[in-house]
Amino acid sequence: MTYRNLTLDEIAQLREQGCRSDNWESISVADGFCAKDIRNVRFEGEIQIGNDVRIENVGIIRTTDGASFGEGVCVSVKNEAGDGNVILYSALTAQTAALMVRSADNSELFGKLRQMAKRYVEECAATCTTIGSGVTITDCRELTNVSIGDDSELCGASRLIDCTLVSTPEATVYIGDDVIMENVIAQAGATIVDGARLYDSFVGEACHIGRGFTSENSLFFANSHMDNGEACAALCGPFAVSHHKSSLLIGGEYSFYNAGSGTNFSNHAYKMGPIHYGTMERGAKTASGAHILWPAHIGAFSMAMGKIETHPDTSMFPFSYVIGGPRKTSLKPGQNLCTVGTYRDITKWPKRDKRPASGRRSLITFDWLSPYVVERIKRAIEALERLRDEQGEDTDEYICNGFTISSAALQRGLFYYDMALRMYEGTDSTTEWTDLLGLLAPVETVQQIQEDILSGNICTIESLEECMQDIHDSYSQWKGFAEGEADREQAVEEWKDAIRRDAEREYDMGDVSEEQLTEFLESM
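Residues numbered from 1 in each chain as written. Predicted model: local features only at pLDDT ≥ 70, side-chain atom pairs only at ≥ 80, totals over all residues. Heavy atoms only, no water.

As for the overall build of the protein
Broken down by element type, the protein carries 11 helices and 40 strands. Over its C-alpha atoms the protein spans a radius of gyration of 25 Å, differing by no more than 12% from the 24 Å that the globule rule assigns to 524 residues. Taken along its principal axes, the extent of the C-alpha atoms in the protein is 90 × 60 × 50 Å. Counting only residues that meet the buried cut, the protein has 55% of its 524 residues in that class. Across the protein, the fraction of contacts at a sequence separation of at least 24, relative to all contacts at a separation of at least 6, is 42%. Here the protein contributes 47 positive and 80 negative side-chain charges, whose respective centroids are spaced 4 Å apart. (Helix = DSSP H or I, 4+ residues; strand = E, 2+ residues; numbered from the N terminus. Rg over C-alpha atoms; globule rule 2.2 N^0.38 Å. Buried < 20%, exposed > 50% of the residue type's maximum accessible area, 1.4 Å probe, protein only. Contact = heavy atoms within 4.5 Å. Lys, Arg positive; Asp, Glu negative; His and termini not counted. Charge placed at Lys NZ, Arg CZ, Asp CG, Glu CD.)

Printed below as a string of structure tokens:
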């Protein structure tokens with residue numbers, strides 16, 4: 001876009017409309033600029049304003065020395081007390097953030113990623129406070145060092161300092177009443193409202209932050225929804241959700257996650273400071289009142305409840321109940337496979353992707369019975385059978401990695417995992433898979449990307465994103481298809497029957513109406 005200085009007539013009109021500036025020559029505007037919709041604003045420093053902009057009742061819009069616009073800021077997620085492990089920039093994706101976090105201990109690799117991000121920032125970041133075309137700014141108090149994308153809307157915000165708002169024509173950014181943001185980047189479709197407080201944070205595509213939610217050194221990607229509570233050093237992948245005032249997400253990685261009321265994670269295991277962290281794998285959730293003491297690792301699509309203080313690693317046991325008690329954690333492997341909650345979760349996520357179909361940055365693999373999960377199920381079966389062989393079939397309770405499994409739960413777990421394997425459509429592969437915060441990928445492919453970064457074959461953010469896109473596009477090829485259609489259909493029907501029975505149990509308890517039960521059963 002081409003910018004020019006204000007004309008004398010435009011300056012006179014702005015003055016007449018209550019606008020002030022110590023140096024009108026520092027304000028440049030796009031060709032076609034019209035001054036009539038800019039009233040009661042004080043300008044300081046270098047400012048660029050696009051076409052069709054409305055600004056009214058704004059305390060100050062300014063640029064100061066050393067402005068970063070939130071770009072290039074280094075934050076520390078998961079390990080709150082650690083060195084910075086993610087570089088913020090306007091095109092950051094969940095996958096690149098995950099790669100940075102997992103590469104932080106490799107100084108050479110992380111250094112390469114840092115250089116790539118720095119080059120991107122130098123090439124693409126704003127050079128002064130910029131207000132794009134079609135922007136509306138009303139009743140805001142302070143905008144210092146901001147880059148506001150086309151068609152964004154700011155209404156009643158209290159303070160934005162060093163922020164970048166990346167709108168697109170299909171998905172604009174909205175900042176609402178009493179919001180405070182410092183060192184924040186918000187991507188297309190983001191909504192930040194109702195007194196939210198964000199510091200050194202990243203708000204990804206179609207994310208919602210509101211109702212007084214507080215965030216510090218945290219990242220939210222692709223349809224995450226945060227209200228009322230708080231986050232600190234949290235790495236939140238797609239569809240991470242927290243609604244309740246007393247919920248705290250701290251020092252953890254979360255994706256396809258739902259926080260129950262009063263959920264709390266502790267990163268002070270004792271007295272050495274907030275150095276501990278953990279992972280809730282995709283689809284894991286917490287019940288109301290759950291309290292997990294990091295370090296811990298909760299497996300995919302599991303439900304964690306109670307106070308979990310034994311630092312369990314249940315990553316090998318997806319679809320489990322993880323139940324905390326006094327100095328003890330119990331595991332019910334596979335128990336969450338055949339519940340109404342899991343069924344509703346896995347069917348709702350694809351429908352709730354509010355990002356426009358074109359231009360999506362973060363990549364998402366929605367499959368729930370995926371190579372990633374099935375690989376863990378196979379390991380779970382081997383582990384359960386090994387526990388039974390090593391600790392005896394007559395044992396009432398089996399001791400594992402930070403948790404115990406009752407004999408009955410072990411037998412049911414084998415049953416549930418067998419059902420899941422029979423439902424799976426993929427080939428019997430020995431490939432090891434990982435989850436890059438929403439994108440499922442073979443481990444060897446991710447390792448090759450890391451090697452290419454170190455060798456210089458991948459040296460730009462754009463080329464790294466192309467590699468991630470190739471992984472996403474190749475997923476169905478890696479997944480493949482297996483024989484046994486009849487057995488698979490039978491297993492799916494057994495699974496749905498079990499879910500129907502779970503729904504009927506909830507109705508029998510008086511928790512849902514007959515109309516709600518009927519509606520759910522018909523939806524299946």
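Points about the packing of aromatic side chains
Any aromatic ring pair is given by two values, namely how distant the centres are and how the planes are angled relative to each other. Inspection of the entire model under this criterion finds 19 aromatic pairs. Here a set of aromatic residues connected by ring pairs shows up, and it is made of Phe 239, Phe 256, Phe 301, Phe 319, Tyr 343, Trp 349, Phe 366, Trp 368 and Trp 495. (Phe/Tyr/Trp six-rings, centres within 6.5 Å; stacked < 30°, edge-to-face > 60°.)

Describing the environment of Ile 49
Among the structural elements, Ile 49 can be located in strand S5 (residues 47–49). Classification of Ile 49 as buried rests on a relative accessible area of 1%. Each residue touching Ile 49, except ones within four places of it in the same chain, is listed here: Tyr 3, Ile 27, Ser 28, Val 29, Ala 30, Phe 33, Ile 38, Phe 43 and Ile 131.

Focus: the pairing of strand S36 (residues 328–332)
Remember that side chains alternate between the two faces of the sheet whenever the strand is regular. Side-chain alternation along S36 places Thr 329 and Leu 331 on a buried face and Lys 328, Ser 330 and Lys 332 on a face that remains uncovered. What sits between strand S35 (residues 321–325) and S36 in their antiparallel hairpin is a turn of two residues, with Arg 327 showing a positive phi close to 60°. (Pairing = 2+ DSSP bridges.)

Observations regarding the packing of helix H3 (residues 107–124) against helix H8 (residues 461–473)
Their axes nearest at 9 Å, the elements H3 and H8 cross at an angle of 115°. Residue-level contacts link Leu 113, Met 116, Ala 117 and Tyr 120 of H3 to Ile 461, Glu 462 and Leu 464 of H8. (Axes fitted to C-alpha atoms, helices over the stretch in contact; angles between N-to-C directions.)

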